[in-house]
Amino acid sequence: MIKINKGKRFQQAVDAVEEFLKKAKGKDQASSHNSSEEKNRRNSSEERGKQSAGEEKRKAGLSEGKLKKSTGEGKKRASSVSSERGSKSPLKRALDQSPRKRGRPPKDEKDLTIPESSTVKRVMTGTVAGFKWPPGVSEPAVCYQAITKKLKVCEEETGSTSIQAADSTAVNGSITPTDKKIGFLGLGLMGSGIVSNLLKMGHTVTVWNRTAEKCDLFIQEGARLGRTPAEVVSTCDITFACVSDPKAAKDLVLGPSGVLQGIRPGKCYVDMSTVDADTVTELAQVIVSRGGRFLEAPVSGNQQLSNDGMLVILAAGDRGLYEDCSSCFQAMGKTSFF
């Protein structure tokens, strides 16, 4: 209405303004449309990115699950193998790996010899080797000689598997007891079993012990009682002694009414105590100086073996006396060596 009431030039100006406003409005609408489309494109791009990231995460999760599964199976297999290995003892594994099990021939065995016992070594280096005859006493035909060989097979000399071994036959009772009178001094843990077996095999035995009450049982089994060591030695042909230590062994021989007082030419003394070489050498010298015969015969074993007559006897000294003691050694031990 304003445009109608105005002049022509005003109308043209208004038309130009309206045309400008229309164009501006059209541009705004186009710009708004373009921005909306751009926003939609950005939103769709973001959605696609999110979907792609989700897909990647899903794939990563699947691959991680597979990895964990495979790792778990590997651990199970390792645990199974470990348990199988653990179930086998070291001995079984060694046998499984043994060349003999795989069929390989065994290597040549080294020659085996019986090791030299400490008792034999002591006899070789001390007791017998260090023995010297007293002045004025002639050396008998059977002298004290050191053991110079180890205890090993000597079939070519003796036909036996030991050196002068006397295998015991006490188990089957086929021993022929010596007719010599036997004396025994010391009825301790070892001596009691020895005397019991001597009596069982028919030997004539006279016993003495520092505690006299211990003799009662053996007297009931047929033994005779000696009042002192000197009395036992003087009334017997061969006297054995088995005591606990060097002091007891010396007191038994050198003490009042001791063995030495009953020794005279031909009397035999066998010391079965396990003592040091110096003590045995001293006892051997004083016995021989009185014309007696001496044999060292320590035993290997314990009380049970003593009771069972299964001791091992290692002797050194007068070889003739060793042979005279054969039936006694057979009664008290399973084997003896000179």
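Here, every reference points to the structure presented above.
Residues numbered from 1 in each chain as written. Predicted model: local features only at pLDDT ≥ 70, side-chain atom pairs only at ≥ 80, totals over all residues. Heavy atoms only, no water.

Visitor: I'd like a rundown of the overall build of the chain, residues and numbers included.
Guide: Secondary structure summary: the chain contains 14 helices and 10 strands in total. Taking all 338 residues of the chain together, 34% fall into the buried category. The contacts in the chain between residues at least 6 apart in sequence include a share of 63% that link residues at least 24 apart. Of the accessible surface of the chain, which amounts to about 21,200 Å², a share of 52% is contributed by carbon and sulfur atoms. (Helix = DSSP H or I, 4+ residues; strand = E, 2+ residues; numbered from the N terminus. Buried < 20%, exposed > 50% of the residue type's maximum accessible area, 1.4 Å probe, protein only. Contact = heavy atoms within 4.5 Å. Areas by Shrake-Rupley, 256 points an atom, 1.4 Å probe, with all protein chains shown as cover.)

Visitor: Quick one: what's the story with the sheet that holds strand β3 (residues 224-225), residue by residue and with numbers?
Guide: Taken in spatial order, the seven strands make up an open sheet running β3-β2-β1-β4-β5-β6-β9, and their pairing is mixed. If you trace the sheet from one side to the other, it starts and ends with β3 and β9 (316-317), each paired once. In the sheet, strand β4 (residues 238-241) pairs with strand β5 (residues 268-271) via four bridges, with the strands oriented parallel. Within the sheet, the bridge partner assigned to Phe240 lies in β5 and is Val270. Where helix α6 (residues 189-200) meets the sheet, its contacts fall on β1 (182-185) and β2 (205-208), and the angle it forms with β1 comes to roughly 165°. (Pairing = 2+ DSSP bridges. Axes fitted to C-alpha atoms, helices over the stretch in contact; angles between N-to-C directions.)

Visitor: Any chance you could break down the nonpolar core for me, citing the residues and the numbers?
Guide: Counting 35 residues, the largest nonpolar core has Phe184, Leu198, Phe240, Val270, Met272, Phe329 and Met332 as the members making the most contacts within it. The greatest single-element share of this core, amounting to five residues, is contributed by α6. Other than its neighbours up to four places away in sequence, Phe184 contacts Gly191, Ile194, Val195, Leu198, Val205, Thr206, Val207, Trp208, Val232, Phe240, Cys242 and Met272. Listed in part, the 20 residues of the second largest apolar core include Ala241, Val280, Leu283 and Val288. (Core = buried A, V, L, I, M, F, W, Y, C linked by side-chain atoms within 4.5 Å.)

Visitor: Residues and numbers for the pairing of β5, please.
Guide: Where burial is concerned, the two faces of β5 agree: the one with Cys268 and Val270 and the one with Tyr269 and Asp271 are both buried. Pairing of β5 with strand β6 (residues 293-296) involves four bridges; the strand directions are parallel. Considered in β6, the bridge of Tyr269 is made with Phe294. Between β5 and its parallel partner β6, the chain crosses via helix α11 (residues 277-289), and the hand of that crossover is right-handed. (Right-handed = clockwise from strand over helix to strand, strands pointing away.)

Visitor: Describe the packing of aromatic side chains, naming the residues involved and giving the relevant values.
Guide: Enumeration over the complete set of coordinates arrives at five aromatic pairs. Residues Phe184 and Phe240 carry aromatic rings whose centres are separated by 6.3 Å and whose planes lie at 20° to one another, so their mutual orientation is stacked. Here Phe184, found in strand β1, pairs with Phe240, found in strand β4; they are 56 residues apart in sequence, far enough to count as distant. For the pair shown, Phe184 and Phe240 are each scored as buried. (Phe/Tyr/Trp six-rings, centres within 6.5 Å; stacked < 30°, edge-to-face > 60°.)

Visitor: Give a detailed account of α11, specifying residues and quantitative values.
Guide: Its 13 residues place the ends of α11 18 Å apart at the C-alpha level, agreeing with the 18 Å of an ideal helix rising 1.5 Å per residue. Among all positions of α11, only Ala277, Thr279, Val280, Thr281, Leu283, Ala284, Ile287 and Val288 are buried. Among the residues of α11, the N-terminal cap falls to Asp276, whose side-chain oxygen and the backbone nitrogen of Asp278 are separated by 3.3 Å. Downstream of α11 by one or two residues, Gly291 has phi in the positive range, about 90°. (Expected span 1.5 Å × (residues − 1). Polar contact = N/O pair within 3.5 Å; in protein donor to acceptor, adjacent residues only side chain to side chain.)

Visitor: Can you explain unusual backbone geometry? Please cite residues and give values.
Guide: Even without being glycine, Ser257 reaches a positive phi, approximately 55°. Within the element layout of this structure, Ser257 appears in the loop between α9 (246-254) and α10 (259-262).

Visitor: Provide a residue-level description of the sheet that holds strand β7 (residues 299-300), including the pertinent values.
Guide: Overall, mixed pairing links the three strands, which are arranged β7-β8-β10 in an open sheet. Either end of the sheet is taken by a strand with one partner, and the two such strands are β7 and β10 (333-337). Across two bridges, β7 lies against strand β8 (residues 311-314) in antiparallel orientation. Note on β8: the bridge partner recorded for Val299 is Ile313.

Visitor: Describe in detail the pattern of salt bridges, supporting the description with residues and values.
Guide: Applying the stated criterion across every chain, the model contains five salt bridges. A salt bridge links Lys247 to Asp251; its shortest N-O distance comes to 3.0 Å. Taken together, the positions of Lys247 and Asp251, both in helix α9 and four residues apart, correspond to about one turn of that helix. According to the relative accessible area criterion, Asp251 is partly exposed, its value standing at 42%. (Salt bridge = Lys/Arg side-chain N within 4 Å of Asp/Glu carboxyl O.)

Visitor: Please set out the pairing of β1 residue by residue, giving values where relevant.
Guide: Strand residues, when the strand is regular, have side chains that alternate between the two faces of the sheet. Here β1 shows two buried faces, one formed by Ile182 and Phe184 and the other by Gly183 and Leu185. In the sheet, β1 pairs with β2 via four bridges, with the strands oriented parallel. Pairing of Phe184 across the sheet is with Val207, part of β2. In this region the chain leaves β1, passes through α6 and returns to the parallel neighbour β2; the handedness of that crossover is right-handed. Inspection of the sheet shows β1 paired to β4 by four bridges, in the parallel sense. Considered in β4, the bridge of Gly183 is made with Thr239.

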